[in-house]
Amino acid sequence: MNTKIYQEKIPVRVDWLDFKKTLKLSTLFRLFQDVALRHLESISFGDEIIRGEGLHWVVSRYHLEIDHMPKYGDTLIIKTYPEPLLAYFFPRQFFVANDEGEILIKAGSLWALVDEKKRTMVMPNSSLLKDYGITTGEEIHYPLPYKTKEGKNKSVIKASYSSCDLNSHLNNCSYIDILEDMIPIDYLASHSPKTVDIHYKKEILLGQEIPLSYEENDNLYTFHSDNFSLGIQFQKD
């Protein structure tokens, strides 16, 4: 058994769904986060061990390609594995299928280890880094990050108590909830995400309020700030 490839079978829960009875985008990100951390724990490179060294995991980028979002009644099979190291980054692939084996979503991500005190990326001294990642030929490529520009709509993103995690910053999944709330409900009712690209540039600490701008053009919603950029390409249902 290849321990570098990890898989979980997860039934879709009712509280994970939106008003269209499809999986919320933010819940998908939470599933990626949880499955990745459980995989790392299974190979003795998990959060508890890393925190013992004064470090924690953060995600820097995601690129998602979505055939269609999971729906009520689905059972998901989520497969993940790490790719070879890329400088200070730990690339990781995700594949989401239904219980019939149909691939619904593919995602690539870049993770990093951060010093809890200095808040800077580090490379740990660990024998686990030897031959850390693999390639299978299934990988999706990482496009260049969106060079977002100032949008015509202005707002703020706040790192409130309920949106932050144990690292005292806005959790990567919370960005999606906050930003999707800025999209009109009528639009979300008639459109579904096809690709998602998010680049987390600088953490938003608990209590901080950061200005942002956003706009929609040809069904592409882009969100821009000094701390992150996000693009969601929608398709009409």
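Small disclaimer: the values here were computed from a predicted structure and weren't measured.

Each value, and the rule that gives it
Residues numbered from 1 in each chain as written. Predicted model: local features only at pLDDT ≥ 70, side-chain atom pairs only at ≥ 80, totals over all residues. Heavy atoms only, no water. Helix = DSSP H or I, 4+ residues; strand = E, 2+ residues; numbered from the N terminus. Rg over C-alpha atoms; globule rule 2.2 N^0.38 Å. Buried < 20%, exposed > 50% of the residue type's maximum accessible area, 1.4 Å probe, protein only. Contact = heavy atoms within 4.5 Å. Expected span 1.5 Å × (residues − 1). Lys, Arg positive; Asp, Glu negative; His and termini not counted. Salt bridge = Lys/Arg side-chain N within 4 Å of Asp/Glu carboxyl O. Polar contact = N/O pair within 3.5 Å; in protein donor to acceptor, adjacent residues only side chain to side chain. pLDDT = per-residue confidence, 0-100. Core = buried A, V, L, I, M, F, W, Y, C linked by side-chain atoms within 4.5 Å.

*Asks:* I'm lost on the overall build of the protein in this one. Help?
*Replies:* A tally of regular secondary structure across the protein gives 4 helices and 11 strands. Whereas a compact globule of 237 residues would reach a radius of gyration of roughly 18 Å, the protein reaches 18 Å, a difference of no more than 12%. Along the three orthogonal principal directions, the C-alpha set of the protein runs to about 50 × 45 × 30 Å. Within the protein, the proportion of its 237 residues that are buried is 51%.

*Asks:* Is there a simple way to explain the side chain of N167 in this structure?
*Replies:* Considering the arrangement of structural elements, one finds N167 in the loop between β7 (153-158) and α3 (172-180). Take N167: its relative accessible area is 8%, and that puts it in the buried class. Among all residues touching N167, those that are not within four sequence positions of it are R51, H56, W57 and R119.

*Asks:* Sorry, what's going on with helix α1 (residues 25-42) here?
*Replies:* When the terminal C-alpha atoms of α1 are compared, their 26 Å separation across 18 residues agrees well with the 26 Å that a helix rising 1.5 Å per residue should span. For α1, the buried fraction is high: 13 of the 18 residues fall into the buried class. S44 occupies a position one or two residues after α1 and carries a positive phi of about 60°.

*Asks:* Is there a simple way to explain the side chain of D197 in this structure?
*Replies:* Along the chain, D197 falls in strand β8 (residues 191-200). Within the buried core, D197 has no salt-bridge partner, and the shortest N-O distance to an opposite charge, that of R61, equals 5.0 Å. Looking at D197, its side chain comes within polar contact range of the side chain of H63, at 2.7 Å.

*Asks:* Honestly, α3 in this entry has me stumped. Any pointers?
*Replies:* Three- or four-residue spacings in an α-helix give side chains the same orientation, since the helix completes a turn every 3.6 residues. With 7 of 9 residues buried, α3 lies mostly within the body of the structure. Among all positions of α3, only N172, C173, S174, Y175, I176, L179 and E180 are buried. At the N-terminal boundary of α3, the capping side chain belongs to N171, with an oxygen 2.9 Å from the backbone nitrogen of C173.

*Asks:* Teacher, can you tell me more about the pattern of salt bridges here?
*Replies:* When the charged atoms of two side chains lie near each other, side chains of opposite charge can form a pair. Throughout the structure, instances matching the rule amount to 8 salt bridges. Taking the shortest distance from any N to any O, the salt bridge between K20 and D237 comes out at 2.9 Å. With K20 in the loop between β1 (6-11) and α1 and D237 in the segment after β11 (228-236), this pair connects stretches of sequence that are 217 residues apart. With a closest N to O distance of 2.8 Å, E203 and R119 form a salt bridge. In this pair, E203 sits in the loop between β8 and β9 (209-217) while R119 sits in the loop between β5 (103-115) and β6 (121-122), placing the two residues 84 residues apart along the sequence. Residue R119 is classed as partly exposed on the basis of its relative accessible area of 32%.

*Asks:* Before we go on, may I ask you to explain the confidence of the model for the protein in this structure?
*Replies:* Caution applies to low-pLDDT parts of the model: their predicted coordinates are not meant to be read in detail. Per-residue pLDDT for the protein averages 90, and the proportion of residues at 70 or more is 92%. Per-element confidence in the protein is highest for helix α4 (residues 185-190), whose mean pLDDT is 98, and lowest for helix α2 (residues 47-51), whose mean pLDDT is 72.

*Asks:* Help me out: how do you make sense of the nonpolar core in this one?
*Replies:* As a rule of thumb, soluble globular proteins bury nonpolar side chains together. Of all hydrophobic cores here, the largest spans 60 residues; its most connected members are L25, F29, W57, Y62, L64 and F223. No other element matches α1, which puts 9 residues into this core.

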